[in-house]
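# Commentary on secondary and tertiary structure
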Amino acid sequence: MSLRHLLTMVALAALTLATASAQAQTNPQSGGRLRALIAQKQAAAAPAVLSAGVQRIADVPYGVDPAQRMDVYVPTSPATGTNSLVASAVRAPVIFMVHGGGWRHGDKAMGRVVQEKVNRWVPKGFILISINYRMLPDAPVAQQERDVQAALMAAQQRVSTWGGDPNRFILMGHSAGAHLVALLNARAPQALREGAWPWLGAVSLDSAVMNVPAYMRAPHMPLYDDAFGSDPAYWLALSPFHQWTAGAPPMQMVCSTERADQPCTQADAMARHVRNQGGRAEILPQDLTHGEINAQLGLESDYTQAVEVFMGSLDAEVARRLQ
């Protein structure tokens, strides 16, 4: 393992642990929280444990590379154990999930990526599609966004065979995946010209890089140098703030108030930028760690309900199924 690879892994862990560690040093009672976070991180790589009534269709290809695969989660009939959506007159809304991991690590099937989301929303009549994509060092971030778009287009083309509605997609991503989703959402008119179907909106789960140039000019962790390099033109090309285009779908940005790099500051600036140009963007600050924002979405909480309020505001059928 190279030194840079090791530093990247350490930096990723720091996103979820650094704040709690600092609290533990100043408040001994918070040491239990730190230990819980460490245990959560150790368990995070485990596959999802799915509730009864959920079927996983694994490793559906959207390209020739082995990394270009997606998992599709659909509700099953209690009587037959088969997809209960295929014969339905009203096609299911789709949550399209992009995992994080510093643009270098992660997997579509990890428990923190899908477990609580699938177990909450699939039984309500949603389809959840979780994708993999090529990552660093083999694929630069610009190529990763192209993979996400390719996966989205393939999913839209095939989703009716699983009982889904290609017109009712909601994009969602965490961390690096949140950045990729925000970037694709910002450039939605371009994606539509290239063959994507319109989607309803996007939920960005704790990305700190809505404005890539601003982030890269400030002190930052090495993993961002791996992702964005040193070319300001490349920063602009990968910056959701600078790539936002009129006509982009609504976006909700969930941000951790516990992170030292203050992702809510970037989220707030992005929201104001979008609103000033006539678009819709919301921020949802949460007193949760970077990892908790991903792993706890879907658990019964004010946080999950706030995300569902946004999702329901995008479409009447989505709102009906969330009731």
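Residues numbered from 1 in each chain as written. Predicted model: local features only at pLDDT ≥ 70, side-chain atom pairs only at ≥ 80, totals over all residues. Heavy atoms only, no water.

The next point concerns the overall build of the chain. When you go through the chain residue by residue, the secondary structure sums to 14 helices and eight strands. With 323 residues in all, the chain has 55% of them scored as buried. Approximately 13,000 Å² of the chain is accessible, and the part contributed by carbon and sulfur atoms is 55%. (Helix = DSSP H or I, 4+ residues; strand = E, 2+ residues; numbered from the N terminus. Buried < 20%, exposed > 50% of the residue type's maximum accessible area, 1.4 Å probe, protein only. Areas by Shrake-Rupley, 256 points an atom, 1.4 Å probe, with all protein chains shown as cover.)

Further remarks concern the side chain of K117. Topologically, K117 is positioned in helix α3 (residues 111-121). It turns out K117 is buried and unbridged, and the closest side chain with the opposite charge, E116, is 9.0 Å from it. If sequence neighbours within four positions are ignored, K117 has contacts with M97, R112, V122, L128, M172, L205, N294, L297 and G298. (Lys, Arg positive; Asp, Glu negative; His and termini not counted. Salt bridge = Lys/Arg side-chain N within 4 Å of Asp/Glu carboxyl O. Contact = heavy atoms within 4.5 Å.)

On to the state of the cysteines, then. Evaluated as defined, the whole model comprises one disulfide. Paired through a disulfide, C255 and C264 show a sulfur-sulfur distance of 2.1 Å. On the S-S bond that ties C255 to C264, the torsion sits near 105 degrees, and the link is right-handed. Take C255: its relative accessible area is 1%, and that puts it in the buried class. (Disulfide = S-S within 2.5 Å.)

This part takes up the pairing of strand β2 (residues 69-75). The element β2 is largely enclosed, with a buried count of six among its seven residues. One ladder, built from six bridges, connects strand β1 (residues 54-61) with β2; its direction is antiparallel. Looking at the pairing, V60 lines up with M70 of β2. In the sheet, β2 pairs with strand β4 (residues 127-131) via four bridges, with the strands oriented antiparallel. Considered in β4, the bridge of V72 is made with I129. (Pairing = 2+ DSSP bridges.)

Once that is clear, we can look at the nonpolar core. Counting residues in hydrophobic clusters, the biggest one holds 64 residues, and the most contacted among them are F96, W103, I127, I129 and F228. Setting aside residues no more than four positions away along its own chain, W103 makes contact with M135, L136, V141, Q144, A176, H179, L180, V209, L223, Y224, A227 and F228. Among the nonpolar cores identified, the runner-up in size contains 29 residues, and M110, L200, L297 and M311 belong to it. (Core = buried A, V, L, I, M, F, W, Y, C linked by side-chain atoms within 4.5 Å.)

This part is about helix α5 (residues 176-186). For α5, a buried count of 11 out of 11 residues is recorded, marking the element as mostly surrounded by other parts of the structure. Residues A176, G177, A178, H179, L180, V181, A182, L183, L184, N185 and A186 constitute the buried set of α5.

Cis geometry marks the peptide bond from L136 to P137, where omega comes out at 0 degrees. Its place among the elements puts P137 in the loop between β4 and α4 (141-158). A positive phi angle, near 60 degrees, is found at D59, a position not held by glycine. Here D59 is to be found in strand β1. The phi torsion at D206 lies on the positive side, around 65 degrees, for a residue other than glycine. Mapped onto the fold, D206 is located in the loop between β6 (201-205) and α7 (212-216).

Positionally, T76 belongs in the loop between β2 and β3 (92-98). In this view, T76 contacts G53, V54, Q55, G81, T82, N83 and S84; residues no more than four positions away in its chain are not counted.

Where α4 contacts α5, the axes come no closer than 10 Å and their chain directions differ by 70 degrees. It follows that α4 is roughly perpendicular to α5 by the angle criterion. In this structure, α4 contributes V141, Q144, E145, V148, Q149 and L152 to the contact, and α5 contributes H179, L180, L183 and L184. Residues of the contact of α4 with α5, tallied by class, amount to six nonpolar, three polar and one charged. (Axes fitted to C-alpha atoms, helices over the stretch in contact; angles between N-to-C directions. Parallel < 35°, antiparallel > 145°, perpendicular 65-115°, else oblique. Nonpolar A, V, L, I, M, F, W, Y, C, P; charged D, E, K, R; others polar.)

Another aspect to go through is the pattern of salt bridges. Taken as a whole, this structure holds 17 salt bridges when the rule is applied. A salt bridge links R168 to D315; the nearest nitrogen and oxygen atoms lie 2.8 Å apart. With a gap of 147 residues between them, R168 in strand β5 (residues 164-174) and D315 in the loop between α13 (302-314) and α14 (316-322) connect regions that are remote in the sequence. According to the relative accessible area criterion, D315 is buried, its value standing at 15%. Across the pair D268 and R272 runs a salt bridge, and its minimum N-O distance is 3.1 Å. Of this pair, D268 and R272 are both found in helix α11 (residues 263-276), four residues apart, which corresponds to roughly one turn of the helix. Judged by its relative accessible area of 44%, R272 is partly exposed. Here the residues in one salt-bridge network are R56, D59, D71 and K108, joined through shared partners.

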